[in-house]
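# Residue-level structure breakdown
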Amino acid sequence: MKHLTDEELVQLYISTQRNSYFEALYSRYCDKVFRKCLSFTKNRERAEDFTHDIFIRVVTKLSSFREQAKFSTWLYSVTYNYCMDQLRSPRQKEVYSDDPYETLANYSDDEDADIAEMEAQRLNQALDYLTTDERGLLMMKYQDDISIREIADSQKLTESAVKMRLMRAKEKLRRRYLEALIFWVLVGLKALSLWK
């Protein structure tokens, strides 16, 4: 079945209801869906639960897949929407703060590593200031490298609306990041003046 495309597997599953076709799709995408859920939840158990729930949702909605986009894009949209719904729920604690600097380069100098860690912390604090929707949109575009068109289709928005929302989210992130940076520079200057 490795030679079959995702879309062919979907059509074969829908027409025959043979589990082996869905299992092939599951094995192709289970790890990717889990990693995406983990980036939202930062909790392995919750990410496993989300992944399980998403694939149950996928198998029940598979007949609604219309091949207007690639299966992987459709699956990403289902995953993203499910995670966002869970995180927006008042019962859930919002934990989405994907750390884009989680895998910092290996630094030989401890001082460089400390500076890089401080920068990553400031960026994460700025990301925490954004709404779940703003963070999700930025992650789709810049972490997952999903095109504006695909984001627009998955979110049922126009491309211009996606561009505008991305621009606003980036500006809000930049402003918040700079505010935090200025604050820490002022604290550092004050500490240096007291130290002298």
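Definitions and cut-offs
- Residues numbered from 1 in each chain as written.
- Predicted model: local features only at pLDDT ≥ 70, side-chain atom pairs only at ≥ 80, totals over all residues.
- Heavy atoms only, no water.
- Axes fitted to C-alpha atoms, helices over the stretch in contact; angles between N-to-C directions.
- Helix = DSSP H or I, 4+ residues; strand = E, 2+ residues; numbered from the N terminus.
- Parallel < 35°, antiparallel > 145°, perpendicular 65-115°, else oblique.
- Left-handed = near helix turned anticlockwise from the far one by under 90°.
- Contact = heavy atoms within 4.5 Å.
- Nonpolar A, V, L, I, M, F, W, Y, C, P; charged D, E, K, R; others polar.
- Polar contact = N/O pair within 3.5 Å; in protein donor to acceptor, adjacent residues only side chain to side chain.

### Considerations on the packing of helix α2 (residues 19-41) against helix α3 (residues 44-61)
Axis separation between α2 and α3 bottoms out at 8 Å; the angle between their running directions is 140°. Here α2 lies oblique to α3, going by the angle between them. Viewed along their axes, α2 and α3 form a crossing whose handedness is right-handed. Listed contacts from α3 to Phe22, Tyr26, Tyr29, Cys30, Val33, Phe34, Cys37, Leu38 and Thr41 of α2 are Arg44, Arg46, Ala47, Glu48, Phe50, Thr51, Ile54, Phe55, Val58 and Val59. Considered class by class, the residues forming the contact of α2 with α3 number 14 nonpolar, two polar and three charged.

### Re the side chain of Glu134
Within the element layout of this structure, Glu134 appears in helix α6 (residues 132-143). A polar contact is formed between the side chain of Glu134 and the side chain of Lys172, at a distance of 3.0 Å. In this structure, Glu134 is in contact with Ala169 and Lys172, ignoring residues within four places of it in sequence.

### Structural notes on the packing of helix α4 (residues 71-88) against helix α7 (residues 148-155)
A pair of packed helices can be characterised by two numbers: the angle between their axes and the separation between those axes. Orientation of α4 relative to α7, taken along the N-to-C sense of each, is 55°, at an axis distance of 10 Å. Overall, the two elements α4 and α7 adopt an arrangement that is oblique. Like other packed secondary-structure pairs, α4 and α7 cross with a definite hand, here right-handed. Contact residues: α4 offers Thr73, Ser77, Tyr80 and Asn81, while α7 offers Glu150, Ser154 and Gln155. Tallied by class, residues from the contact of α4 with α7 come to one nonpolar, five polar and one charged.

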